[in-house]
Amino acid sequence: MKWIGALFIIFSTTWLGFYFAGRLSERTKELRAWKLALQSLEAEVMYSQLPLQEASRRIAKQLNGQIQLFLIDFANQLETSALSAKEAWKHSLQEYAEKVAIKDSDIQVLLQFGETIGMHDKISQQKQIILALKHLEREEQEAIDSQSSYERMSKMLGVLSGILIVILLI
Amino acid sequence: MEEVFNVLPTMLKEKLIISFSDLNEVEELRLRVSRPVEVIANNQSTFLPYIVTEEDGSQILGKLSQFSIYTIEEELKKGYITIKGGHRVGLAGRVVTENGMVKMIRDISSYNFRIAKEKVGIASPFVKYLYDGRWKNTMLIGPPQAGKTTLLRDFARVVSQGDHVRGIKPQKVGIVDERSEIAGSVKGVPQYTFGERIDVLDACPKAEGMMMLVRSMSPHIILVDEIGKKEDVDAILEAIFAGVQLIVTVHGYSLEEIRKRPSLQPLFQNGTFERFIEISNYPRPGNITDIKNRKNISLFSQKAVY
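(A) The arrangement of the nonpolar core in detail. By size, the foremost hydrophobic cluster in this structure holds 55 residues, and its most contacted members are Leu71, Phe74, Leu78 and Ala85 of chain A together with Leu64 and Tyr111 of chain B. Setting aside anything within four residues of it in sequence, one finds tyrosine 111 of chain B in contact with Leu31, Ile60, Val89 and Leu91 of chain B. Counting 49 residues, the second-largest nonpolar core is a separate cluster that includes Phe126, Ala207, Val214 and Val244 of chain B.

(B) Structural view of the environment of isoleucine 83 of chain B. Residues and elements named next belong to chain B. With respect to the helices, strands and loops of the structure, isoleucine 83 is situated in the loop between strand 4 (80–82) and strand 5 (88–98). Given 19 C-beta atoms within a 10 Å radius, isoleucine 83 is considered partly exposed. Along the backbone, isoleucine 83 and tyrosine 111 are 28 residues apart, and their C-alpha atoms lie at a distance of 13 Å. For isoleucine 83, the contacting residues outside a window of four places in its chain are Glu3, Val7, Leu64 and Val89.

(C) A look at the sheet that holds strand 4 of chain B. All names here are of chain B. Pairing is antiparallel in the open sheet, where 6 strands are placed in the order 3-2-1-6-5-4. Each edge of the open sheet is held by one strand with a lone partner, namely strand 3 (44–51) and strand 4. On average, each strand axis in the sheet is tilted by 30° relative to the strand beside it, whichever way the strands run. Where strand 2 (residues 36–41) lies against strand 3, 6 bridges are found, and the strand directions are antiparallel. If you follow valine 39 over to strand 3, its bridge partner there is threonine 46.

(D) Structural view of the interface of chain B and chain A. Across the contact, 9 residues belong to chain B and 14 residues belong to chain A. Partitioned by chemical class, the residues of the side of chain B that touches chain A number 4 nonpolar, 4 polar and 1 charged.

So, how was this worked out
- Residues numbered from 1 in each chain as written.
- Chains lettered and ligands numbered in written order.
- Predicted model: local features only at pLDDT ≥ 70, side-chain atom pairs only at ≥ 80, totals over all residues.
- Core = buried A, V, L, I, M, F, W, Y, C linked by C-beta atoms within 7 Å.
- Buried ≥ 20, exposed ≤ 12 C-beta atoms within 10 Å, placed from the backbone.
- Contact = placed C-beta atoms within 7 Å.
- Helix = DSSP H or I, 4+ residues; strand = E, 2+ residues; numbered from the N terminus.
- Pairing = 2+ DSSP bridges.
- Axes fitted to C-alpha atoms, helices over the stretch in contact; angles between N-to-C directions.
- Nonpolar A, V, L, I, M, F, W, Y, C, P; charged D, E, K, R; others polar.

Following this line, the structure appears as structure tokens:
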């Protein structure tokens, strides 16, 4: 009986450790997807000159996961609601932020980008995209760093803390 | 009007529907920031008790550009946007220049919705004056807002569809639509119900466009709006020497006045144009006052009001 309990404890702390490790790698993945999305957006703005909703739909097709849902949601809001692009962006981003493991600072970068979305001519819009990309790159670098230093640690910590609790209890 | 309503704020839309029983009469809808809305119908202006706010303005601009200003950069440079249905929205506000050229209009304070009218059939009564084995080179003369473009548009339809009753075969029509007004193209696709044999060069400079059509599309007839510059006249003569017939419009009040215009002289010297249609906006737009031939003789003494 004792042993079964001990196993449960180790199992759950291990799971916790892996969960936090997973969040770290998920953040890097999401940020990478965002970079891809913004780069595609730049191309759509500069060369095909598609309006935002069509551009979003087109980019959504090339991606998957939560960011795809975000883009589709953004396009839908532009089409159906009376919101401006800025508001629609903010609105969709709030919903997106609840579902994914990215940090507040990442969301801030995206929110700031949304402030001027669709309000400038081509060249300025491109500048805004490049600026956002730079910020995202920095965030991504930070995410990669913390992933490499904390991912293994978090996993180990999970297993070991479970064992520690068991030893103390026995 | 549906297309225009789509970009207007909801409140204003409702006001319009309440105040105007017949929205088809509306010719212009002028919105000026912090001023009441002006509606022009049948040459008469009415003000609606609705003050346009700045938010309304930015909402309209957002809707016009689908919230992507970068897509209407060119339009902001030219000062108007053509929307679905061929309606045109003229813009005025603070102009930004660069190297002496207009770069864009910022802080837009006036929106002028010119409601495009498609009046299918208005050209039919005049076909007999213009067709005699072939279409004659024709000039439509009238002041702004007289309905020249509307008439020209219907001529385009008649020429491209032909006329079964008179045994006129459909012919290839080329339109040079510098201001996107004749065909009202959105993304290059004409919005009006023309016949099948229409090719439109949208937003193309007139003189160059005429030459492009002659070279590449082999039209029987070319239609051009608002000629006046020397290059236009040269291009017209070129096209005529290439065996193409033309129907053009000119701003002016009468044939006499047009004859005196220096830049248009070559057209009269060669007797290239055989029919002159004078249009007036009195008592209402689209009133054809006279049709004259090459020798300035009226073919048409009776007034026709459609």
